[in-house]
Amino acid sequence: MDTMMTTGVTMTNNQEMKMMNNIFTVGCDPELFFRNQEKLISVVGILGGSKTNPFPIGNGCAIQEDNVAAEFCIPPANDAKEFVASINFALSDINNRAAKLGLTLAALTASGEFSKDQLNNRQARTFGCDPDFNAYTGEPNPRPRTDNKLLRSAGGHVHVGTDKDIVNVVQTLDLLLGVPSVLIDKDEERRKLYGKAGCFRPKPYGVEYRTLSNFWIWNNKTIEWVYHRVGEAISFCDEFIKEVSPEETQRIVNTINNNDKDTAELLVNKWSLVLP
């Protein structure tokens, strides 16, 4: 298609007003790993909380054990400042809990191999069973398979509160977040298992966008970038879906699924995409 998408840096006054009038919230439930000086350490039995009974830590945040990873969730944020503050609060709490155990957070680590002794229990070998879906086919995604039984990965899923068509939102987020993540996210192992284009779960409040790893939670700049790109997607998703060609849609999907950095660069330039 020939028409470029209008991004946050080139919006007209009318477009800025359109963004203000689109009410949305943004939350997240990132996963992260603990480690000592030698290796990654499972949180099973040392962190607390579960999918069915997360442990509240204050400010509307909660933590839980998810397989071998720590996971936190935050309350839905209405602005970028609130989004940043909630994530930093949860990270600080988890970091303090790790420190009391003589451990640290494995920052900027979205995948890694755990030693067999860290996986020697049922929870460490049990993965979430709730299906997620492909926004381009409408079908459930197949369960990831790997021959490496020691490999685990950490997502940085984004929860969007909106009354917009969630498929439109997810496909637009693939362009605004998924494509740039190919250039920004240095971890390439997770994408072999998770993080395919259009990965989502419908939610009562909107949608959970499941393509991103946890790469963006470690820096305020990238946290703000995620928040603002969600706002942009909410504002322009209906327009984008009508204008984008099937060929361009497939190009976006292939770029994410194949971790194609060269095509990601071309798409960033063509669509004037905002990078953090």
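Residues numbered from 1 in each chain as written. Predicted model: local features only at pLDDT ≥ 70, side-chain atom pairs only at ≥ 80, totals over all residues. Heavy atoms only, no water.

The next thing to look at is the overall build of the protein. A count of helices and strands for the protein gives six helices and 14 strands. Structurally, the protein occupies a C-alpha span of about 55 × 40 × 30 Å along its principal axes. Here the protein, with 276 residues, has 51% of them falling under the buried criterion. Here the analysis covers contacts within the protein between residues at least 6 apart in sequence; of these, 76% occur between residues at least 24 apart. In the form shown here, the protein has an accessible surface area of approximately 13200 Å², with 50% of it arising from carbon and sulfur atoms. A gap of 6 Å separates the mean positions of the 29 positive and 35 negative side-chain charges of the protein. (Helix = DSSP H or I, 4+ residues; strand = E, 2+ residues; numbered from the N terminus. Buried < 20%, exposed > 50% of the residue type's maximum accessible area, 1.4 Å probe, protein only. Contact = heavy atoms within 4.5 Å. Areas by Shrake-Rupley, 256 points an atom, 1.4 Å probe, with all protein chains shown as cover. Lys, Arg positive; Asp, Glu negative; His and termini not counted. Charge placed at Lys NZ, Arg CZ, Asp CG, Glu CD.)

What follows concerns the packing of helix H3 (residues 166-184) against helix H5 (residues 246-257). Packing of H3 against H5 leaves a shortest axis separation of 9 Å and a crossing angle of 35 degrees. In this structure, H3 meets H5 at a crossing whose hand is left-handed. On H5, the residues touching Asp174, Leu175, Gly178, Val179 and Val182 of H3 are Ile252, Thr255 and Ile256. Of the residues that constitute the contact of H3 with H5, the class distribution is five nonpolar, two polar and one charged. (Axes fitted to C-alpha atoms, helices over the stretch in contact; angles between N-to-C directions. Left-handed = near helix turned anticlockwise from the far one by under 90°. Nonpolar A, V, L, I, M, F, W, Y, C, P; charged D, E, K, R; others polar.)

With that settled, consider the nonpolar core. Of all hydrophobic cores here, the largest spans 64 residues; its most connected members are Phe34, Phe72, Phe83, Ile87, Val158, Val179 and Trp216. Among residues more than four places away in sequence, those in contact with tryptophan 216 are Cys28, Phe83, Ile87, Gly156, His157, Val158, Thr222, Ile223 and Val226. (Core = buried A, V, L, I, M, F, W, Y, C linked by side-chain atoms within 4.5 Å.)

Our focus in this paragraph is the side chain of asparagine 67. For asparagine 67, the location among the structural elements is in the loop between strand S6 (61-66) and strand S7 (69-73). Overall, the relative accessible area of 8% leaves asparagine 67 in the buried class. Here glutamine 123 takes part through its backbone oxygen, which lies 3.2 Å from a polar atom of the side chain of asparagine 67. Here the side chain of asparagine 67 touches arginine 152 through a polar contact of 3.0 Å, side chain to side chain. (Polar contact = N/O pair within 3.5 Å; in protein donor to acceptor, adjacent residues only side chain to side chain.)

For the rest of this paragraph, the subject is the confidence of the model for the protein. When the pLDDT values of the protein are averaged, the result is 91; 91% of them are 70 or greater. This model gives residues 1-20 a pLDDT under 50, and the stretch forms 42 contacts once residues within four places in sequence are excluded. (pLDDT = per-residue confidence, 0-100.)

Attention now moves to the pairing of strand S12 (residues 158-161). The alternating pattern of S12 places Val158 and Val160 on one face and His159 and Gly161 on the opposite face, and all of these are buried. When strand S1 (residues 25-28) meets S12, the two strands line up antiparallel, connected through four bridges. Pairing of threonine 25 across the sheet is with glycine 161, part of S12. Where S12 lies against strand S14 (residues 206-209), four bridges are found, and the strand directions are antiparallel. Among the inter-strand pairings, valine 160 is bridged to a residue of S14, identified as valine 207. (Pairing = 2+ DSSP bridges.)

Next up on the list: helix H6 (residues 261-270). Where H6 is concerned, the buried positions are Thr263, Ala264, Leu267 and Val268. End-on view of H6: buried residues confined to an arc of 145 degrees, all on one side of the axis. Exposed side chains of H6 directed beyond 90 degrees from the buried face belong to Asp262 and Asn269. Turning to H6, the residues buried within the fold contact H3 and H5. Once H6 ends, the next one or two residues include serine 272, with phi positive near 50 degrees. (Arc of directions from axis to C-beta.)

Moving on to the sheet that holds S14. Sheet architecture is open: five strands sit in the order S1-S12-S14-S13-S10, paired in antiparallel fashion. For this open sheet the edge positions go to S1 and strand S10 (133-134), each flanked by a neighbour on one side alone. This element, H3, spans S12, strand S13 (199-203) and S14 of the sheet and lies at about 35 degrees to S14.

Pairing between the strands of a sheet comes from backbone hydrogen bonds, and it takes one of two forms, parallel or antiparallel. The four strands lie next to each other as S2-S7-S6-S5, forming an open sheet whose pairing is antiparallel. Each having just a single partner strand, strand S2 (31-32) and strand S5 (55-58) make up the two edges of the open sheet. Two strands pair when backbone bridges link them, and S6 and S7 are joined in this way by five bridges, in the antiparallel orientation. Within S7, the residue paired with glutamine 64 across the bridge is glutamate 71.

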